[in-house]
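# A structural walkthrough
For reference, the chains in residue letters:
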Amino acid sequence: MENFAAQRRWMIVVLGAMIQILTGIPAAWGAFREPLMQHYALQEEGVGLAFVFLVAAYGLGCLLGGFLQDAKGPRTAGLWGTALLSGAFIGAAFLPPEKAEAFWLLFSLPAGLGSAFLYPAVMSCAQKWYAGRKGFVTGLIGGAVGLSGGFLTLWVRVLGEKLGMRWALGALGGVMLAVCTAASCLLVNPPAPKPKPEEQGKNKNKPPKDILPGEMLRTWPFWLCFGMVLLAAPTMLLFSPVIVKLGQERGLSEGAAHLSIVVGSFGSAAGRILCPMKSDSAGRRRVCMALFAALAALSAWLAFAPGWQLIACYTGLAFCYSGLAAVMPALSSDLFGLPHAGINYGFMALGMTAGSLGSWALNRHLGQGAYRHWIAVGAAILGGVCAKRLKPTVQEQ
């Protein structure tokens, strides 16, 4: 299998994209929201909690999946992720309406964990095959993550309306099981590089950076990166679950409001492709600072944007948030090395769990009015401060 991948390493990118286009559930949650309320007798608070648990489980799953990926390889992590993700959708299809309170446990937790198991399996594997172009390859696979929101929205809108939400979820689970199983079976890390004769002996090239998770947790750069992930979360998680509802309140039709998710998915895909690529030359830290500045401005604009301006603003938010999320794995491996990239990024992704729970708590305490916009603005400004405090990475030196 290693020989096959070595001769066709571009296949790792293709396989990663195939997997990731099925995992962007948080980005499409606005389309899931109303059908879930109708078919599972969930109240507005219940479907909101389902989203919070999904994102919180995703952050935790990045850590657990990173441990599994680094210990057993990307294939094992991918297959476990596939079982959890597809099982969540198939299980939800058979959940009786009177058991709606079990939706969080049966769907949200395994779906979040499964998506997260697949993410480090794909991203860490691809970065190891393309160690010299980490931003480039992260961007290509990240583009599929961005498009996932549009794909899942269309799936729910078209198939859900024709066959019902339960059939739509069950069929999607079957597709996930088939595609992700086949792709995960072909994921494999590259062989360890053999040192060249001229690189051996004393005073030769420095060994590649290899910082263990325990060492990383004691460093200031890790906690700054953790803060960046945490503070980026409110800029999307406060808006993406209610963007359809918000669009209708601003004068859009139901169809146009759903269009915001589809258009936003293209913005997300563009951000995930372009921002990591740009960070290869401009530097991870500089790109992150620019994205946080844009997130602050767009969060403020969203407080007042009417109708179609709301779609443009939300698309910009999706571009910046997704671009930032796509740069973070490459930033992590720049700072702490590739050998433990899965676990190290997993610890960093716990910021997403903290951010999702914090966003939910603030929403619940302060209400869902204009507060959410100013919370997002403040979080983005603080995230930019964290990025500024990081030392320049290799590209900026």
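So, a few notes on the structure that sits alongside this text.

## With respect to the overall build of the protein chain
Looking only at helices and strands, one finds 17 helices and zero strands in the protein chain. Of all 397 residues assigned to the protein chain, the portion counted as buried reaches 57%. For the protein chain, restricting intrachain contacts to residue pairs at least 6 apart in sequence, the fraction spanning at least 24 positions comes to 86%. In the form shown here, the protein chain has an accessible surface area of approximately 16,400 Å², with 67% of it arising from carbon and sulfur atoms.

## Structural notes on the packing of aromatic side chains
Taken as a whole and assessed by the stated rule, the structure comprises eight aromatic pairs. Geometrically, the ring pair formed by Phe 103 and Phe 107 is stacked, given 4.9 Å between the ring centres and 25° between the ring planes. Here Phe 103 and its partner Phe 107 are both found in helix α6 (residues 103-129), four residues apart, which amounts to about one turn of the helix. The same class applies to Phe 103 and to Phe 107, which are both buried. An aromatic cluster is defined as three or more aromatic residues linked by ring pairs; in this entry it consists of Phe 89, Phe 103 and Phe 107.

## Regarding the side chain of Gln 20
Its place among the elements puts Gln 20 in helix α2 (residues 10-20). Assessed through its relative accessible area of 1%, Gln 20 is described here as buried. A polar side-chain atom of Gln 20 sits 3.0 Å from a polar atom in the side chain of Thr 23. Here Gln 20 is in contact with Leu 118, Tyr 119, Val 122, Ile 141, Ala 144, Val 145 and Ser 148, once residues within four sequence places are set aside.

## Notes on a nonpolar patch on the surface
Judged by side-chain polarity, Trp 10, Val 14 and Met 18 come together as a nonpolar surface patch covering roughly 280 Å² of accessible area. As for its placement among the helices and strands, Trp 10 is situated in helix α2.

## Section: helix α4 (residues 44-72)
In this model, α4 (29 residues) spans 40 Å end to end at C-alpha, consistent with the 42 Å of a helix rising 1.5 Å per residue. In α4, a bend of some 25° at Gly 61 exceeds every other bend along the element. Backbone geometry just downstream of α4 places Gly 73 in the positive-phi region, at approximately 100°.

## Points about the state of the cysteines
In the structure shown here, the tally under the stated rule is zero disulfides. Cys 320 supplies the cysteine sulfur nearest to Cys 275, a cysteine that is in no disulfide, at a spacing of 6.9 Å. Look at Cys 275 and you get buried, because its relative accessible area is 7%. Sulfur of Cys 386: no disulfide; nearest cysteine sulfur belongs to Cys 225 and is 9.0 Å away.

## Considering helix α8 (residues 165-184)
Every α-helix carries 3.6 residues per turn, so stepping three or four residues along brings you back to the same face. Between its terminal C-alpha atoms α8 stretches 27 Å, which fits the 28 Å expected from 20 residues at 1.5 Å a residue. Restricting attention to buried positions, one finds in α8 the residues Met 165, Ala 168, Leu 169, Leu 172, Gly 173, Met 176, Cys 180, Ala 183 and Ser 184. Taken around the axis of α8, the buried residues stretch over an arc of 130°, which confines them to a single face. Turned more than 90 degrees off the buried face of α8, the exposed positions are Trp 167 and Ala 178.

## Examining the packing of helix α3 (residues 29-39) against α8
At a minimum axis separation of 10 Å, α3 and α8 run at an interaxial angle of 120°. Classed by the angle they form, the pair α3 and α8 counts as oblique. Residues Phe 32, Pro 35, Leu 36 and His 39 of α3 form the contact with α8, whose participating residues are Met 165, Arg 166 and Leu 169. Of the residues that constitute the contact of α3 with α8, the class distribution is five nonpolar, one polar and one charged.

## Quick word on the nonpolar core
Residues Trp 29, Phe 32, Leu 36, Phe 89, Phe 103, Met 228 and Met 328 are the most contacted members of the largest nonpolar core, which totals 114 residues. Of the residues forming this core, the biggest block, 14 residues, is contributed by helix α15 (residues 307-336).

## Observations concerning the packing of α4 against α6
The contact between α4 and α6 brings their axes to 6 Å, and the two run at 40°. Relative to α6, the element α4 is oriented oblique. For the element pair α4 and α6, the recorded crossing hand is right-handed. Per-class residue counts for the contact of α4 with α6 are 20 nonpolar, nine polar and two charged.

Definitions and cut-offs
- Residues numbered from 1 in each chain as written.
- Predicted model: local features only at pLDDT ≥ 70, side-chain atom pairs only at ≥ 80, totals over all residues.
- Heavy atoms only, no water.
- Helix = DSSP H or I, 4+ residues; strand = E, 2+ residues; numbered from the N terminus.
- Buried < 20%, exposed > 50% of the residue type's maximum accessible area, 1.4 Å probe, protein only.
- Contact = heavy atoms within 4.5 Å.
- Areas by Shrake-Rupley, 256 points an atom, 1.4 Å probe, with all protein chains shown as cover.
- Phe/Tyr/Trp six-rings, centres within 6.5 Å; stacked < 30°, edge-to-face > 60°.
- Polar contact = N/O pair within 3.5 Å; in protein donor to acceptor, adjacent residues only side chain to side chain.
- Patch = residues over 30% accessible without salt bridge, like charges linked within 9 Å, V, L, I, M, F, W, Y side chains within 5 Å.
- Salt bridge = Lys/Arg side-chain N within 4 Å of Asp/Glu carboxyl O.
- Expected span 1.5 Å × (residues − 1).
- Bend = angle between axes of the 7 residues up to and from the residue.
- Disulfide = S-S within 2.5 Å.
- Arc of directions from axis to C-beta.
- Axes fitted to C-alpha atoms, helices over the stretch in contact; angles between N-to-C directions.
- Parallel < 35°, antiparallel > 145°, perpendicular 65-115°, else oblique.
- Nonpolar A, V, L, I, M, F, W, Y, C, P; charged D, E, K, R; others polar.
- Core = buried A, V, L, I, M, F, W, Y, C linked by side-chain atoms within 4.5 Å.
- Left-handed = near helix turned anticlockwise from the far one by under 90°.

Any functional reading would require information beyond the geometric quantities listed.
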